[in-house]
Amino acid sequence: MSWILGGGAKQAAAAVGQVAGVFKPNAEASEARGHAYDGAALGQYAAEFAHPRRGWFDGLVDGLNRLVRPVITFGLLGILPAVVIWPEGAAIAFAALALLPAGYWALVTVIVGFYFGGRMQLKAQDFQKSVQEPADRAPEVIANIKRLRTALSPNEAADDDPELALELAQGLDSDNPALRDWSERGRGEGAPGS
């Protein structure tokens, strides 16, 4: 009896917990691992910026690193006014660019794709999430629209959905005299716009 009430029950519970841990991870342990991972990432990021810059070269490299996307973007957009202001020079520049080999353009494409591709991928994933959320709620919205349309015609509610008709009848038997009057008149005859 002491084995059942004492250590035996604890041992059995521990064994069950170990077996269950094989099939479904422990939520508390998963949270602890996630917290440790986030802490390590933040620690690494903080360590990168904890020390003051060693010299002008570090500052220059950091500045250049932050300028790549803006320079590419403004450079490409700057072509448009340059062509309008200086068409002869733009024609000469484009003729010179046409002489560059295809391998150079492939390299430029890879570099621009590297700098903008990761950001585009994140934005695309965010867009997919934003599209998926309304799609997941669509059945609920359709059901609510059906309820609203049926509420506008309570006489037809019994034909379409008996449960909904009962729910509407219970809702209209409230202490609100305006709702009672509205339900007795049917579709709201006499209301503005009817």
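Before reading further, recall that the structure is shown in the block above.
Residues numbered from 1 in each chain as written. Predicted model: local features only at pLDDT ≥ 70, side-chain atom pairs only at ≥ 80, totals over all residues. Heavy atoms only, no water.

Draft legend 1. A look at the overall build of the chain. Broken down by element type, the chain carries nine helices and zero strands. Across the 194 residues in the chain, those meeting the buried criterion constitute 8%. In the chain, of all internal contacts separated by at least 6 residues, the share reaching a separation of at least 24 is 34%. (Helix = DSSP H or I, 4+ residues; strand = E, 2+ residues; numbered from the N terminus. Buried < 20%, exposed > 50% of the residue type's maximum accessible area, 1.4 Å probe, protein only. Contact = heavy atoms within 4.5 Å.)

Draft legend 2. Seen up close, the environment of aspartate 136. One can find aspartate 136 in helix H6 (residues 102–152). On the basis of relative accessible area, aspartate 136 is assigned to the exposed category, the value being 54%.

Draft legend 3. Geometry of the packing of aromatic side chains. Under the counting rule described, the total for this entry stands at two aromatic pairs. The interplanar angle of 90° and the centroid separation of 6.1 Å between the aromatic rings of tryptophan 56 and phenylalanine 57 together place this pair among those described as edge-to-face. Both residues of the pair, tryptophan 56 and phenylalanine 57, belong to the exposed class. Arranged with centres 5.3 Å apart and planes meeting at 75°, the rings of tyrosine 104 and tryptophan 105 form a pair that is edge-to-face. (Phe/Tyr/Trp six-rings, centres within 6.5 Å; stacked < 30°, edge-to-face > 60°.)

Draft legend 4. Focus on a nonpolar patch on the surface. Nonpolar side chains collect at one region of the surface, where Leu76, Ile79, Val83, Phe94, Leu97, Leu100, Tyr104 and Trp105 lie side by side and expose about 670 Å² of accessible area between them. If one sorts the elements of the nonpolar patch by residue count, helix H4 (residues 56–85) sits on top with three residues. Summarising the element assignment, tryptophan 105 is placed in helix H6. (Patch = residues over 30% accessible without salt bridge, like charges linked within 9 Å, V, L, I, M, F, W, Y side chains within 5 Å. Areas by Shrake-Rupley, 256 points an atom, 1.4 Å probe, with all protein chains shown as cover. Salt bridge = Lys/Arg side-chain N within 4 Å of Asp/Glu carboxyl O.)

Draft legend 5. Structural context of the packing of H4 against helix H5 (residues 87–98). One way to put it is that H4 packs onto H5 with a least axis distance of 5 Å and a crossing angle of 125°. In terms of orientation, H4 lies oblique with respect to H5. Here Ile79, Ala82, Val83, Val84 and Ile85 of H4 come into contact with H5, specifically with Pro87, Ala90 and Phe94. Here the residues of the contact of H4 with H5 sort into eight nonpolar, no polar and no charged. (Axes fitted to C-alpha atoms, helices over the stretch in contact; angles between N-to-C directions. Parallel < 35°, antiparallel > 145°, perpendicular 65-115°, else oblique. Nonpolar A, V, L, I, M, F, W, Y, C, P; charged D, E, K, R; others polar.)

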